[in-house]
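Inside the fold
Below are the chains, spelled out letter by letter.
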Amino acid sequence: MPEVTLVEAVNLALGRAMEDDPSVVVLGEDVGINGGVFRATVGLQKRFGPERVLDTPLAELLISGLCVGMAAQGLRPVGEIQFMGFIYPCLDQLVNHASRMRNRTQGRLTCPMVLRTPHGAGIRAPEHHSESTEAMLAHIPGLRVVMPSSPESAYGLLLAAIRDPDPVVFLEPTRLYRAAKGEVEDNGEALPLDRAFVLRDGRDITMISWGAVLKETAAAADALSDEGISAEVIDLATLKPYDEDTVLRSVAKTGRCIIVHEAARTGGFGAEIAATVAECSLASLLAPVTRVTGYDTIIPMARLEQHYMPSVDRIVTAARKLCQFR
Amino acid sequence: MGGGIAWSESVASNRTNQDLPVIARFDVRYRNYLAPDGSINRPLPASASDAKVLIALYRSMVLVRLFDRKAVALQRTGRLGTYAVSLGQEAVSPGIASAMREEDVLLPSYRDNGALIWRGVKLEEILLFWGGDERGSHFSGPTNDFPFCVPVGSQAPHAAGVAYAFKLRKEPRVAVCMFGDGATSKGDVYEAMNFAGAHKLPVVFVATNNQWAISVPLRLQTSCETLAQKAIAAGFTGEQVDGSDVLAVRAAAEEAITAARDGNGPRFIEAVTYRLGDHTTSDDASRYRSPDEVQAHWKKEPIARLRAYLVGQKLWSKLDEERLSAECNERIEAAVEHYLTTAPRRRETMFDHLYANLPEVYAAQRRELAGGHDA
Ligand SMILES: Cc1ncc(C[n+]2csc(CCOP(=O)(O)OP(=O)(O)O)c2C)c(N)n1
């Protein structure tokens, strides 16, 4: 099987979906001849023509709103927003229309659209290019919020997202676009949505994370295992709706839970998981549920951004502390 | 003849259409003084007959070009982040900024370095910004000017707000908002223009039409013949200028800013120019446009054009040019040195300026960060 980067896996999935289903349409700024600013759509316009791979005017609200209209007409639009910092104009369409079209019309109209965007910091990008505001999207009922963490999951989850009958926001970890490599077979096989993936079995502590920062989480698990602490690592993958079952089952086994995310702490998605664990697993908890997150500040520009990110060190320190509770 | 219904109706409706009165007609003017070879097309406006003004404009254009070149070199060697060059469109920034007063407010886009520099922002501050240091936006120069706006077009509503404040306080000041052609596709820009028109606000919108929004050409952005006509829908005048003719940009800006200051409401200026370089240092324009196209536009570029005119007028010599390059390079080198030797802030400063008074819960996070110093 060929080794591909995460962004190449996205490209493979888009190509496969368009090949398999003529109603799939890709749209966004620079997605055509330029192949997207990250090259996620490279070659697609050549293969499928400018009507199915559409360079839109520079207007994010338009992109998301077009998707709603196309989707209601039976197309399967996949919109690209160049950076998460520019997704905010789409919120009106996502909150007021995409997420509730099915509900409002009692199923008469539906909205099988995907909105893809790069997510997160760590690439030394200019202002507004490093957002990780997934919690905001995960708060919207009727939406799905999905975030892959590897080329394999990018391929499989994106295919699932495109085939899903409801609107999906697909957040791609920018930091891993080229850094993550893996073997991906372009066989058209989707991975399940709404399901967390246990990346590593462990006994002593459950570590839950998603997207790029799983890299640090996994490295922390490695470091802990050298100290004799066995960590279970869970890739949440779908944040909305998230797989409580896998999380609770793991915590029941380990008795300890750390949630790691890059987004700012307050109101972050970690809070949601912590609340669920507190509500449902109090009896099995040996230690307080803990979060390791970005700080409650604007993600700093390049010179300081690495200090903002949850580091392996911070995760290990937090895990050690939890393991002192016996 | 049968006189089928379809036939008679279509004739009738054609006739009625012709009979309908025209209730409004609009036109869009185009302004240009300097031809690409530096010759003059029409009598110059007053400001442009002042040699001092001409030379100041020329100097600032050259400074921006050399500064851009240096910034790209820094980026290529890993010492600066992504950077947006203004190669080929250097006439716009000084043309606009030179028509402003200090007390006016500039709301620039990320590519308007030249306007900031004209208004007194230091070169090292611009480098700091693109180098990923927030202190670059705490710049010298008019303290009310807005920082670079990276999201496309979202500064336009701010400009309307700024202008509203001027109007409310009856201050003879003007907001000047700059953005690209792509930005005119955004609701933000239209919403701002619409409000500014409805309230006759003292604001000038400037679209630098460099023909491309990254890889998307103007014809995929809009089917309007001009961007200037977008002002018509908002109820005010839009004018197109040759954006590679700094004299035209300056004259249009002067007129628009004066009109706005005098209470005559907003104006829109479309400066038609061309981006000769890549969109940013992370872009490769050869993916989406031909060398022929770019080459053709090199023949119309703004610096050579003004230089040809100045030389023709005996206002500029080879020696002047050499002196200017040396002077600019010296200034740029000093700025680079300053930038490179500016130590990063301490990590906990990411909490500074988050709130006027940092809430205690976040102060604790700040302390946590400070505790992490490698002593
Ligand atoms: C709201 C928003 N969407 C997307 C981007 C990414 N982006 C940066 S510049 C650019 C093209 C802008 O074109 P234009 O407005 O013509 O200005 P120019 O860059 O040509 O000066 C795009 C799409 C952005 N910065 N902001």
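To start, this report covers the structure provided alongside it.

Thresholds, definitions, all that
- Residues numbered from 1 in each chain as written.
- Chains lettered and ligands numbered in written order.
- Predicted model: local features only at pLDDT ≥ 70, side-chain atom pairs only at ≥ 80, totals over all residues.
- Heavy atoms only, no water.
- Phe/Tyr/Trp six-rings, centres within 6.5 Å; stacked < 30°, edge-to-face > 60°.
- Helix = DSSP H or I, 4+ residues; strand = E, 2+ residues; numbered from the N terminus.
- Buried < 20%, exposed > 50% of the residue type's maximum accessible area, 1.4 Å probe, protein only.
- 1 Å grid on protein atoms, 1.4 Å probe; cavity = no way out; pocket = protein on both sides within 12 Å on 5 of 7 lines; lining within 4 Å.
- Points joined across faces, edges and corners; volume = space filled by probe spheres on them.
- Nonpolar A, V, L, I, M, F, W, Y, C, P; charged D, E, K, R; others polar.
- Near = heavy atom within 4 Å.
- Polar contact = N/O pair within 3.5 Å; in protein donor to acceptor, adjacent residues only side chain to side chain.
- Areas by Shrake-Rupley, 256 points an atom, 1.4 Å probe, with all protein chains shown as cover.
- Axes fitted to C-alpha atoms, helices over the stretch in contact; angles between N-to-C directions.
- Parallel < 35°, antiparallel > 145°, perpendicular 65-115°, else oblique.
- Left-handed = near helix turned anticlockwise from the far one by under 90°.
- Contact = heavy atoms within 4.5 Å.
- Patch = residues over 30% accessible without salt bridge, like charges linked within 9 Å, V, L, I, M, F, W, Y side chains within 5 Å.
- Salt bridge = Lys/Arg side-chain N within 4 Å of Asp/Glu carboxyl O.
- Buried area = accessible area lost by both parts, 1.4 Å probe.
- Pairing = 2+ DSSP bridges.
- Right-handed = clockwise from strand over helix to strand, strands pointing away.

What about the packing of aromatic side chains?
Residue and element names in this part refer to chain B. Under the counting rule described, the total for this entry stands at 18 aromatic pairs over all chains. Between Phe 129 and Phe 148, the aromatic rings sit 5.1 Å apart at their centres with planes inclined by 45°, giving tilted as the arrangement. Note that Phe 129 is positioned in helix H5 (residues 123-130) and Phe 148 in the loop between H5 and helix H6 (156-168), a separation of 19 residues in sequence. Exposure remark for Phe 129: the relative accessible area of 3% places this residue in the buried category.

Some remarks on the layout of surface pockets
Residues and elements named next belong to chain A. In this structure, the second largest pocket encloses a volume near 390 Å³. Along the wall of the second largest pocket there are 19 residues; nearest its centre are Thr 133, Ala 264, Thr 266, Asp 296 and Thr 297. Take the lining of the second largest pocket: its biggest share by element is 3 residues, from helix H6 (residues 134-138). For the lining of the second largest pocket, the per-class residue count stands at 10 nonpolar, 6 polar and 3 charged.

Topic: the site of the ligand
Around the ligand lies a shell of 20 residues, among which A:Glu60, B:Tyr110, B:Arg111, B:Val152 and B:Gly182 are the nearest. The environment around the ligand is built from residues contributed by chains A and B. The contact in question runs from a nitrogen atom of the ligand to an N or O atom on the side chain of A:Glu60, over 2.5 Å. The separation between an oxygen atom of the ligand and a polar side-chain atom of B:His279 is 3.5 Å. Against a free-state accessible area of 570 Å², the protein chains account for coverage of 95% of the ligand.

Side note on the packing of helix H2 (residues 51-76) of chain B against helix H10 (residues 246-261) of chain B
Residues and elements named next belong to chain B. Packing of H2 against H10 brings their axes to within 11 Å, and their N-to-C directions diverge by 115°. The angle between H2 and H10 falls in the class roughly perpendicular. Classified by chirality, the crossing of H10 by H2 is right-handed. Contact residues: H2 offers Val 53, Leu 54, Leu 57 and Met 61, while H10 offers Val 246, Leu 247 and Arg 250. The class makeup of the residues in the contact of H2 with H10 is 6 nonpolar, no polar and 1 charged.

With respect to a nonpolar patch on the surface
A surface patch of nonpolar side chains, about 290 Å² in accessible area, is lined by B:Tyr164, B:Leu168 and B:Phe195. With respect to the helices, strands and loops of the structure, B:Tyr164 is situated in helix H6.

Some remarks on the interface of chain A and chain B
Between chain A and chain B, the contact holds 33 residues from the first and 41 residues from the second. For the pair chain A and chain B, the summed buried surface comes to about 3,100 Å²; carbon and sulfur atoms form 58% of the total. When residues of chain A are sorted by the area they lose upon contact with chain B, A:Leu58, A:Tyr295 and A:Arg303 head the list and together hold 24% of the total. Joining chain A to chain B, the criterion identifies 2 salt bridges. Between A:Glu60 and B:Lys186 there is a salt bridge, and its shortest N-O distance comes to 3.0 Å. Run the count over chain A and chain B and you get 13 residue pairs in polar contact (both at pLDDT 80 or more). Broken down by element, the side of chain A that touches chain B gets its largest block of residues, 5 residues, from helix H11 (residues 302-308) of chain A.

What about the side chain of A:Glu80?
Residues and elements named next belong to chain A. With respect to the helices and strands, the residue Glu 80 is situated in strand S4 (residues 76-80). Judged by its relative accessible area of 6%, Glu 80 falls in the buried class. One polar contact links Glu 80 to Arg 116, side chain to side chain, over a distance of 2.9 Å. Non-local contacts of Glu 80, meaning those with residues more than four positions away in its chain, are made with Leu 27, Gly 28, Glu 29, Val 31, Gly 36, Val 37, Ala 40, Thr 41, Ile 63 and Arg 116.

Here we look at the sheet that holds strand S14 (residues 290-294) of chain A
All names here are of chain A. The sheet built from 5 strands is open, its strands ordered S9-S11-S10-S13-S14 with mixed pairing. Lying at the two open borders of the sheet, with one neighbouring strand each, are strand S9 (197-200) and S14. The sheet shows a mean angle of 25° between the axes of neighbouring strands, direction not considered.

Here we look at the pairing of strand S2 (residues 24-28) of chain A
All names here are of chain A. Extensive coverage of S2 is indicated by the burial of 5 of its 5 residues. The two faces of S2 match: Val 24, Val 26 and Gly 28 on one face and Val 25 and Leu 27 on the other face are all buried. As paired elements, S2 and S4 share 5 bridges and run parallel to each other. Residue pairing for S4: Val 25 is matched across the bridge by Pro 77. One ladder, built from 3 bridges, connects S2 with strand S3 (residues 53-55); its direction is parallel. In the sheet register, Val 26 faces S3, and the bridge partner there is Val 53.

What about unusual backbone geometry?
For the bond from A:Lys240 to A:Pro241, the omega torsion is -10°, close enough to zero to count as cis. Relative to the elements of secondary structure, A:Pro241 occurs in the loop between strand S12 (238-240) and helix H9 (244-254). Despite not being glycine, B:Lys170 has its phi angle at roughly 55°, a positive value. Mapping B:Lys170 onto the fold places it in the loop between H6 and strand S3 (175-180). In this structure, B:His353 takes a positive phi of about 65° despite not being glycine. With respect to the helices, strands and loops of the structure, B:His353 is situated in the loop between helix H13 (318-340) and helix H14 (360-371).

Considerations on the pairing of strand S11 (residues 231-235) of chain A
Residues and elements named next belong to chain A. Taking burial as the measure, the 5 residues of S11 include 5 buried ones, the bulk of the element. Both faces of S11 are covered, namely the face carrying Ala 231, Val 233 and Asp 235 and the face carrying Glu 232 and Ile 234. By the bridge criterion, 3 bridges tie S9 to S11 in an arrangement that is antiparallel. Bridging from a neighbouring strand, Phe 197 pairs with Asp 235 of S11. Summarising the sheet, strand S10 (residues 205-209) and S11 pair through 5 bridges and their orientation is parallel. Residue pairing in the sheet places Ile 205 in a bridge with Ala 231 of S11. Once you follow S10 into helix H8 (residues 214-226) and on to S11, the crossover reads as right-handed.

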